[in-house]
Amino acid sequence: MFPAPVKLGERASAWDSGEIDNWIAGRLAERDARAGT
């Protein structure tokens, strides 16, 4: 699941870059496991 945003204000949100990097790494690991690499 994609990381939850952090509300900065009424119309602004942000995401923790470390959480995004971990999410991307997990997706790549899943892809590579399915490909057998």
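So, how was this worked out
Residues numbered from 1 in each chain as written. Predicted model: local features only at pLDDT ≥ 70, side-chain atom pairs only at ≥ 80, totals over all residues. Heavy atoms only, no water. Helix = DSSP H or I, 4+ residues; strand = E, 2+ residues; numbered from the N terminus. Buried < 20%, exposed > 50% of the residue type's maximum accessible area, 1.4 Å probe, protein only. Pairing = 2+ DSSP bridges. Phe/Tyr/Trp six-rings, centres within 6.5 Å; stacked < 30°, edge-to-face > 60°. Salt bridge = Lys/Arg side-chain N within 4 Å of Asp/Glu carboxyl O. Expected span 1.5 Å × (residues − 1). Polar contact = N/O pair within 3.5 Å; in protein donor to acceptor, adjacent residues only side chain to side chain.

As recorded in an unreviewed UniProt entry, the protein chain goes by Transcriptional regulator and comes from Arenimonas donghaensis DSM 18148 = HO3-R19.

Caption draft 1: Geometry of the overall build of the protein chain. For the protein chain, the count of helices and strands is one helix and two strands. Across the protein chain, helices and strands are ordered from the amino to the carboxyl terminus as β-β-α. Projected onto its principal axes, the C-alpha positions of the protein chain cover 45 × 15 × 10 Å. Here the protein chain holds 37 residues, and 5% of them are scored as buried.

Caption draft 2: Molecular detail of the pairing of strand 1 (residues 6-9). One ladder, built from three bridges, connects strand 1 with strand 2 (residues 12-14); its direction is antiparallel. Among the inter-strand pairings, Lys7 is bridged to a residue of strand 2, identified as Ser13. Linking strand 1 to strand 2, which pair antiparallel, is a turn of two residues.

Caption draft 3: Summary view of the packing of aromatic side chains. Scanning all chains against the criterion turns up two aromatic pairs. Members of the aromatic cluster, joined through ring pairs, are Phe2, Trp15 and Trp23.

Caption draft 4: Structural view of the pattern of salt bridges. All told, the structure shown has one salt bridge when counted by the stated rule. The shortest N-O distance in the salt bridge between Asp32 and Arg31 comes to 3.0 Å. In this structure Arg31 comes out as partly exposed when scored by relative accessible area, which is 46%.

Caption draft 5: Region of the structure containing helix 1 (residues 17-35). The end-to-end C-alpha distance of helix 1, which contains 19 residues, comes to 27 Å, matching closely the 27 Å that a straight helix rising 1.5 Å per residue would cover. Looking at where helix 1 begins, the residue whose side-chain oxygen comes 2.9 Å from the main-chain nitrogen of Gly18 is Asp16. Just past helix 1, the residue Gly36 takes up positive phi, approximately 80°.

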